[in-house]
Amino acid sequence: MSSSSFGAAAALAVGDREYEIFRLDALADRFDVATLPFSLKVLLENLLRNEGNGSVQAADVEALAGWDPAATPSREIAFTPARVLMQDFTGVPAVVDLAAMRDAMAAMGADPAKINPLAPAELVIDHSVQVDAFGTRDAFAVNAEREFERNRERYAFLRWGQGAFEHFAVVPPDTGIVHQVNLEYLARVVFGDVSGAAASGDGEGTQAYPDTLVGTDSHTTMVGGLGVLGWGVGGIEAEAAMLGQPMSMLIPQVLGFQLHGELPEGATATDLVLTVTEMLRERGVVGKFVEFYGAGLAGLPLADRATIGNMSPEFGSTCAIFPIDAETLRYLELTGRPPERVALVEAYAREQGLWHEASSPEPRFSDRIELDLASVQPSLAGPKRPQDRIPLTQAKGSFRAALREQAPAARLDAYDEAVEESFPASDSPASAPPTIHKSPSFTLSHGDVVIAAITSCTNTSNPSVMIGAGILARNALARGLQSKPWVKTSLAPGSKVVTEYLDRAGLTESLEGLGFNLVGYGCTTCIGNSGPLPEEISKAVQDGDLAVASVLSGNRNFEGRINPDVKMNYLASPPLCVAYALAGTMDIDILAEPLGRDAEGNEVHLRDIWPSEREVAQTIEQAVQADMFRKSYAEVFAGDERWNGLGSPEGERFAWDERSTYVRLPPYFQDMPREPEPLQDIAGARVLALLGDSVTTDHISPAGAIKRDGPAGAYLQEQGVAPRDFNSYGSRRGNHEVMVRGTFANIRLRNQLAPGTEGGVTRHLRESDDGGPPLSEQMSIYDAAMRYASEGVPLVVLGGREYGSGSSRDWAAKGTRLLGVRAVIAQSFERIHRSNLIGMGVLPLQFPEGESAASLGLTGEETFAIAGLAAIGAGGPPPRELAVIASPSQGEPISFQARLRIDTPREADYYRHGGILQFVLRALLASGPAGQPAGVVAHA
């Protein structure tokens, strides 16, 4: 409960209910609260309400209320999210850690039940389904059955967690994608009990306050389209938030993104978000909030806003948020929220100055950027990064330029399937699974599209592009067009609502006619769960070393992510995914060249079948109704007979099975002392990997298929697991033995310490006896790390710019730590990965401004010493720099001052304790019977 130093507590009547609120205008006589950005008003309320809880002081409230837009972020505040959202890939290891913390509490003679969420925590299982079957009516049933076969053990563990932990709910498999379920159902917008009970089962009570959250997936920011402040964090931070630990953060700068005008005919929300991503990546918004405002908001549907919010990680901001307005209320009504919720949202937002309309004062911002929506062009992005937008008019030329990098010998002088470098793909063998298309012989070439996937939370949440794809498919079939036989087509909606409105609009049959059959309700291709290509396609690609392509309506297209056979990946709207399936190649000017010919031999162009904006809008109005949302989410936590038939253990502590290859007791709390030991300087460290720019968490964290001949594959076979049952790395995140063996093992990772290699390869180094260059032996990164560990040698990783960009994968930090890496020295860090490294007790350091490993002359063969660690967590702000000395075997040492990226005193505490979970566990050990760490209160 707030200590109300500012007299902010007041009552708000909404209908026949009364709520306690903490009024922002209680500060108006001293601060210009009215023109604070919307997002900072939400943060300010959070501080007001939690003032006096031991983490928030009156001075923190005053610091935020007096926000200086131009100030460099330096003031730390403690943000207490109202809830935590998880998906299963990141959620399983989080629940594993909580179960391990219960064991650790018991081992230290304390009550295991102290480890229990204090804030509502919801987990949606959406990351496990793979596209094994496609292009047939039974594809969904086959994939769902395979999903349960592969993941039964994980799912049983989650069912145990749902029973063992309070305030923890699980949305079962085959329901929807976490961010779309959040947008359409879970998000409250304003917390407060609307049922009439004193406190509802989801943690709501008689206080009203803004809905806020953190999620274990970077695209948690999607809910910003609904006016909800939230962002992605690693699983370790989410666990701490569940246990009542406020999140340490710096008061951010806020960039205002002004929108005006309207999207032109033919441009989609996907085109808009790719444009925004390109603009903001160029401007540089890492660590900042992005807030949208301006006259253009009035005509921007909420689904389009959510599409923009979803891509916040791609442009690098902490969040991307829109204010609450009439469109917010319209969407809440459309998605079947109770009238009482809608009334509470409007009343609260108006009372607190969180409501936006044309007459609202323009907020103050740290920086501004603007976009005329009328200037947005049809686009795609690729072939490696989501920010590399390409106007559709330039797509063919851009593809050819990219191809010259991928396959320099390729000749593509014209659109011709029989180009010089092409390879035959024969009929599927008779033994091929019946769910995979049996296709005639054809020729594969560089640039052929072998995957066209309508997938991902980014776009499948948006009726305009999903309906548009269906109408395009219907028009294409009417002209006699078909998807090319080498294209693996798939449709993975973000919720069952999408299936229902496509059915109601009569468009499901049209999509199926082009092979876009339902394959599952999950992320599928966007997270690398594209499944294998048909055998004959994969063989032709590998035999010819072809640079083939995928086109997906997703948000990530990093190297090695989508499919191991596919080198070039393009992000596009769902209608363009259909169009490129028809074309079958990226080597086409899709706006000018024909997609094919009709029965009369007439050329059919994209413009001939592209749906009009009016037709899409009319179809949406007729097909998308509130009743389908109420029906789909009526029993969202119930699950089907497979889910309910799972046998799962009971009890407050989990019964670990030593034979399990999915869920293992992690080592983080083994022999942990009650008090942290003094920090020691790092000496004699070797470089495990020397990496370049834009190394993503996809490169670091194990993801996708497990190679038979890699360390993880060898381990699983030693445990009696056949290669066909390996499943994916993501599904085995609850087993640290698998995950540490796959860290830095991405097939596209290029370690400059082992030039000419790709994948998890490095050199183990040791001093020579004669004082010459170090002796080296090439081996896997895991094997080298284990050898260094046996020798007592600490490790460092050297990186370039944007180290750790991409998904909020906590295993990118966990695996790094378990390999024995003590520090990562890079030119810059992406926000989430930097905090995850600290959360695992790994030191994040930056090279001096303008310097890099190359400019300093570092080869990776040096030994490293890092001094000054004792000053971290010793009280007060952490030091800004630490001294680093790199000593080659011959020549003078290289010394430099590295910038310490432990940015706040709280982060310094986490590091001093060896990680955030160790910090929280020690706090809980010292707490009272209620199980709340000192200075932390449960959410009202």
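Scroll up for the structure.
Residues numbered from 1 in each chain as written. Predicted model: local features only at pLDDT ≥ 70, side-chain atom pairs only at ≥ 80, totals over all residues. Heavy atoms only, no water.

## Describing the overall build of the chain
Here comes step 1: Helix and strand content of the chain: 30 helices and 34 strands.
Here comes step 2: Expected size for 940 residues packed as a compact globule is a radius of gyration near 30 Å; at 27 Å, the chain falls within 12% of this value.
Here comes step 3: Counting only C-alpha atoms and orienting by the principal axes, one finds that the chain spans roughly 85 × 80 × 55 Å.
Here comes step 4: Across the 940 residues that make up the chain, the buried fraction comes to 63%.
Here comes step 5: Across the chain, contacts joining residues at least 24 apart in sequence account for 76% of those joining residues at least 6 apart.
Here comes step 6: For the chain, the computed accessible surface area is about 31,600 Å², with 48% contributed by carbon and sulfur atoms. (Helix = DSSP H or I, 4+ residues; strand = E, 2+ residues; numbered from the N terminus. Rg over C-alpha atoms; globule rule 2.2 N^0.38 Å. Buried < 20%, exposed > 50% of the residue type's maximum accessible area, 1.4 Å probe, protein only. Contact = heavy atoms within 4.5 Å. Areas by Shrake-Rupley, 256 points an atom, 1.4 Å probe, with all protein chains shown as cover.)

## Structural notes on the pattern of salt bridges
Any two side chains of opposite charge can pair if their charged atoms end up close together.
Here comes step 1: Summed over the entire model, instances satisfying the criterion amount to 53 salt bridges.
Here comes step 2: In this structure, the salt-bridge partner of aspartate 545 is lysine 567, at a minimum N-O distance of 2.8 Å. You can see aspartate 545 sitting in the loop between α17 (535–544) and β22 (549–552) and its partner lysine 567 sitting in the loop between β22 and β23 (568–571), a full 22 residues away along the chain.
Here comes step 3: Relative accessible area serves as the criterion here: at 49%, aspartate 545 is assigned to the partly exposed category. (Salt bridge = Lys/Arg side-chain N within 4 Å of Asp/Glu carboxyl O.)

## Observations regarding the sheet that holds strand β31 (residues 843–846)
Here comes step 1: Reading around the barrel, the seven strands line up as β26-β29-β30-β31-β34-β33-β32 and close back on themselves, with mixed pairing between neighbours. The mean angle between the axes of side-by-side strands here comes to 35°, regardless of whether they run parallel or antiparallel.
Here comes step 2: Pairing geometry for strand β26 (residues 682–690) and strand β29 (residues 795–798), over four bridges, is parallel. In the strand pairing of β29, alanine 689 is matched with valine 797.
Here comes step 3: Across the sheet, helix α26 (residues 781–790) is in contact with β26 and β29; its angle to β26 comes to roughly 170°. (Pairing = 2+ DSSP bridges. Axes fitted to C-alpha atoms, helices over the stretch in contact; angles between N-to-C directions.)

## Observations regarding the packing of aromatic side chains
Here comes step 1: Applying the stated criterion across every chain yields a total of 21 aromatic pairs.
Here comes step 2: Both rings, one in tyrosine 668 and one in phenylalanine 669, keep their centres 6.4 Å apart while their planes meet at 90°; by these two values the pair is edge-to-face. Phenylalanine 669 matches tyrosine 668 in its accessibility class, with the two residues each being buried.
Here comes step 3: Three or more aromatic residues joined by ring pairs make a cluster, and in this case those are Phe157, Trp160, Phe165, Phe168, Phe654 and Trp656.
Here comes step 4: Just above the ring of tyrosine 209 sits the side chain of arginine 49; from NZ or CZ to the centre is 3.9 Å. (Phe/Tyr/Trp six-rings, centres within 6.5 Å; stacked < 30°, edge-to-face > 60°. Lys NZ or Arg CZ within 6 Å of the ring centre and 35° of its normal.)

## Brief notes about unusual backbone geometry
Here comes step 1: At the junction of glycine 382 and proline 383, the peptide bond is cis and its omega measures out at 5° in the coordinates.
Here comes step 2: A positive phi is found at aspartate 174, a non-glycine position, where the angle reads about 65°.
Here comes step 3: Tracing the backbone through its elements, the reader meets aspartate 174 in the loop between β6 (168–171) and α5 (178–186).
Here comes step 4: Of note, aspartate 545 is a non-glycine position whose phi angle comes to about 45°, a positive value.

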